[in-house]
Amino acid sequence: MRAPTSLRPLRGFSRLSSLPHWRPVVQALVLSCLSASAGAQVLPAGPAGEWQTIDDHSGKAVSHVVVKEVSGVLQGSITRILDPRKANLKCEACEGPQHDAPLLGMAIIQGVSATPSEPLTWDGGHILDPKSGRNYRVRLRLKDDGQTLEVRGYIGSPYFGRTQTWHRVPAS
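Before going into details, it helps to say that this report is about the structure given with it. (Residues numbered from 1 in each chain as written. Predicted model: local features only at pLDDT ≥ 70, side-chain atom pairs only at ≥ 80, totals over all residues. Heavy atoms only, no water.)

## What to know about the overall build of the protein chain
Within the protein chain one finds one helix and eight strands. Start at the N end of the protein chain and walk to the C end: the helices and strands fall as α-β-β-β-β-β-β-β-β. Considering the protein chain as a whole, with its 172 residues, one finds that 28% of them fall into the buried category. Taking contacts inside the protein chain between residues at least 6 apart in sequence as the whole, the part at least 24 apart equals 34%. (Helix = DSSP H or I, 4+ residues; strand = E, 2+ residues; numbered from the N terminus. Buried < 20%, exposed > 50% of the residue type's maximum accessible area, 1.4 Å probe, protein only. Contact = heavy atoms within 4.5 Å.)

## Structural notes on the environment of Gly49
Topologically, Gly49 is positioned in strand 1 (residues 49-54). Expressed as a C-alpha distance, the spacing of Gly49 and Gly76, which sit 27 residues apart in the sequence, is 9.2 Å. The residues touching Gly49, leaving out its near neighbours within four places in the chain, are Val65, Val66, Val67 and Arg168.

## Quick word on the environment of Asn88
Its location among the elements puts Asn88 in the loop between strand 3 (73-81) and strand 4 (107-114). Taking the C-alpha atoms as reference points, Asn88 and Pro102, separated by 14 residues in sequence, lie 6.6 Å from one another.

## Some words on the sheet that holds strand 1
If you walk around this closed barrel you meet the eight strands as 1-2-3-4-5-6-7-8, and the pairing is antiparallel. Each strand axis lies, on average, 30° off the axis of its neighbour in the sheet, ignoring direction. Here three bridges tie strand 3 to strand 4, and the two strands are oriented antiparallel to one another. Residue pairing for strand 4: Ser77 is matched across the bridge by Ala107. (Pairing = 2+ DSSP bridges. Axes fitted to C-alpha atoms, helices over the stretch in contact; angles between N-to-C directions.)

## A few points about the state of the cysteines
According to the stated counting rule, one finds one disulfide in the structure shown. A disulfide bridge connects Cys91 with Cys94, and the sulfur atoms are separated by 1.7 Å. Here Cys91 and Cys94 share a disulfide; its torsion about the S-S bond, 65°, makes the bridge right-handed. Residue Cys94 is classed as buried on the basis of its relative accessible area, which comes to 3%. (Disulfide = S-S within 2.5 Å.)

Next up, the structure:
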């Protein structure tokens, strides 16, 4: 009596000696998968890092801001002012404890967290404009494979605001 077809081994697979013939095929598949994953570009996990800010009017680089993630919340501080003549400026327009505080080292981004519904977007916090001393709500969005950061400060709705593009400072 013959075994049912579902229990019969497939032709060519009945002997263990036929398995070495499949080794080159399996190796080729593994190598092609590894090659594809090695060529894939990995995006940064988020906006944490050092960013170069750009002046809206002149288009020139103004400062560096370091954004850090602390307990899932982003905060950013001015770490470098590029014009040596402005390195000692103070926030004269700021109110409260930031009034007349040095811009260098000042926290300008606070309370920003990831937006689950929008990939590569963080919002919910505030950003300080040191020129005017005003705080705005903020939305951060990574662009260009994580090399640029859209920083949108707004009042009420993101439709009523202004966007700056910051550039990631290469790690040295």
